[in-house]
Amino acid sequence: MNTFDALAARGVSRRGFLKLMAATTAALGLPAAVSPKVTQAVETALEKPPVIWLHGMECTGCSESLLATLNPSAAEVVLDMLSIRYHETIMAASGYTAEEAYLEALKENFVLVVEGAIPSKEDRYCMVGGKPFRETVLEASKKAKAIIAVGSCATDGAGIPGACEVDAVGVRELLKQNNISTPVINLPCCPVKPATMLGTIVYYLTYGTVPPLDDQARPVVFYGKLLHDNCPRRGQFEAGNYLKDWNDPDQKDYCLILKGCKGPKTYTDCAQVWYNDNTNFCINAGSPCSGCSEAGFFKVFSPLYDKQEIFKLPGTGPINVDTAGKVIGGVAVAGVAVHLAATAATGRLGKKDHGHEEE
């Protein structure tokens, strides 16, 4: 069965597939001219490396998020092409048969996906198939072409496992401790968004290498912007309108900074690309950002609904949250004053915009 026979079997037309690839190319911030290359790479993906998907200390929420996309499932299309050889949640095999599938996949040129944290204190906290999960990750990491750590648990040993006394670590830290140099792509969030996973896979298929990463090994295209800068409640923040009473309907759209929002500390595209087939995301649903894309979630940022006392604003420095509105207002007024002074000094005051004559 060729690629488009496989697509047709899933109810995906060639036209729909091309539109999907064009949208994915745009989401990655790549020029339109690259779209044919992306399409060609994904068309031949049946010949690409198989995938071993390991589960450690986690809730399987990232897999559930990926598998629950709809109309059609972009993730299913691409992941089917990638030939997942081992995934404990979705594979039909179990027991010895499943472990044999894993051992056979180890002999191939595979990409490793890890979901879940790894205990470093005692191996008995996470055993899979009678074997310490830590040993399995190290074994597969040494042979993998590349590693994708999905979700906050796998990227930083964070999430609920990171808050427990098991000394949970992420994949990159485990490899560092054991001097393994296989490249790691971190895709944090709790859970990871399907669009993030899809875009990363498409980039890898197209270029055969990992995308540009930040200092936390996250793809810059998905984690390069501060959530606070694109928050739909940013105007309320600048006006000093902070939600204080959950039960006051007049405050329902107010800034959530006093209720523990970590948006000023969190780099993610959640404000632009929403969850559940672009239906919603935390702040839009009335919940403060928990910072799940950042190192240290959940332990460092808990309690999640307690306000953060100090955060930084570009060009302003550390700000106390209780006086943020006043400071922001002062900065805005000062900015207007400077602008007016500069306008008067250049003789443009009283002129229309765009070079028109004086009124």
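The structure displayed is predicted, hence computed values, not measured ones. (Residues numbered from 1 in each chain as written. Predicted model: local features only at pLDDT ≥ 70, side-chain atom pairs only at ≥ 80, totals over all residues. Heavy atoms only, no water.)

## Let's talk about the overall build of the protein chain
Scanning the protein chain from terminus to terminus reveals 16 helices and 11 strands. Residue burial in the protein chain is summarised as follows: out of 359 residues, 45% are buried. The contacts of the protein chain with a sequence gap of at least 6 include a subset with a gap of at least 24, amounting to 70%. For the protein chain, the accessible area works out to roughly 18,000 Å², and carbon and sulfur atoms hold 53% of it. (Helix = DSSP H or I, 4+ residues; strand = E, 2+ residues; numbered from the N terminus. Buried < 20%, exposed > 50% of the residue type's maximum accessible area, 1.4 Å probe, protein only. Contact = heavy atoms within 4.5 Å. Areas by Shrake-Rupley, 256 points an atom, 1.4 Å probe, with all protein chains shown as cover.)

## Some details on the pattern of salt bridges
Per the stated rule, a full pass over the model turns up 11 salt bridges. A salt bridge links Arg85 to Glu108; the shortest N-O distance between them is 2.4 Å. Linking Arg85 in strand 2 (residues 84-87) with Glu108 in the loop between helix 6 (95-105) and strand 3 (111-115), this pair joins segments that are 23 residues apart in sequence. Taking the relative accessible area as the measure of exposure, Glu108 reaches 32% and is therefore partly exposed. Arg124 is the salt-bridge partner of Glu122, the closest N and O atoms lying 2.4 Å from each other. (Salt bridge = Lys/Arg side-chain N within 4 Å of Asp/Glu carboxyl O.)

## Quick look at the environment of Arg85
Since its relative accessible area comes to 34%, Arg85 is described here as partly exposed. Note: C-alpha distance between Arg85 and Phe110 (25 residues apart in sequence) is 9.3 Å. Look past the residues within four positions of Arg85 in its chain and what remains in contact with it is Pro50, Val51, Met91, Ala101, Ala105 and Glu108. At a separation of 2.4 Å, a polar atom in the side chain of Arg85 contacts the side chain of Glu108. (Polar contact = N/O pair within 3.5 Å; in protein donor to acceptor, adjacent residues only side chain to side chain.)

## Things to note about the state of the cysteines
Within the structure shown, the criterion is met by 0 disulfides. Cys59 forms no disulfide, and the closest cysteine sulfur to it belongs to Cys190, at a distance of 5.9 Å. Residue Cys164 stays outside any disulfide, its sulfur separated by 9.7 Å from that of Cys153, the closest cysteine. With a relative accessible area of 36%, Cys164 lands in the partly exposed category. (Disulfide = S-S within 2.5 Å.)

## Section: the side chain of Thr155
Here Thr155 is to be found in helix 8 (residues 151-156). At 3.3 Å, the side chain of Thr155 forms a polar contact with the backbone oxygen of Ser152.

## Remarks on unusual backbone geometry
A cis amide bond, omega 5°, links Cys190 with the succeeding residue Pro191. Considering the arrangement of structural elements, one finds Pro191 in the loop between strand 9 (184-187) and helix 11 (194-207). Residue Ser302 is joined to Pro303 through a cis peptide bond whose omega torsion reads -5°. Its location among the elements puts Pro303 in the loop between helix 15 (275-278) and strand 10 (310-313).

## Structural notes on the confidence of the model for the protein chain
Mean pLDDT over the protein chain stands at 78; residues scoring 70 or higher make up 69%. In the predicted structure, residues 329-359 sits below a pLDDT of 50 and forms 12 contacts with residues beyond four places in sequence or in another chain. (pLDDT = per-residue confidence, 0-100.)

## Remarks on the packing of aromatic side chains
Under the counting rule described, the total for this entry stands at 6 aromatic pairs. Residue placement shows Arg124 over the ring face of Tyr125; its charged tip is 5.1 Å from the ring centre. (Phe/Tyr/Trp six-rings, centres within 6.5 Å; stacked < 30°, edge-to-face > 60°. Lys NZ or Arg CZ within 6 Å of the ring centre and 35° of its normal.)

## Brief notes about the sheet that holds strand 9
Spatially, 5 strands are ordered 2-1-3-7-9 in an open sheet, and the strand pairing comes out parallel. Sheet topology places strand 2 and strand 9 at the edges, where each strand pairs with a single neighbour. For this sheet, the mean inter-axis angle between neighbouring strands, taken without regard to orientation, is 15°. Where helix 7 (residues 133-143) meets the sheet, its contacts fall on strand 1 (51-55), strand 3 and strand 7 (147-150), and the angle it forms with strand 1 comes to roughly 160°. (Pairing = 2+ DSSP bridges. Axes fitted to C-alpha atoms, helices over the stretch in contact; angles between N-to-C directions.)

## Re helix 6
Looking only at helix 6, the buried set comprises Ala98, Tyr102 and Ala105. All buried residues of helix 6 lie within an arc of 70° about the axis, which places them on one face of the element. Opposite its buried face, helix 6 presents the exposed residues Tyr96 and Glu100, each directed more than 90 degrees away. Along its buried surface, helix 6 packs onto strand 1, strand 2 and helix 7. (Arc of directions from axis to C-beta.)

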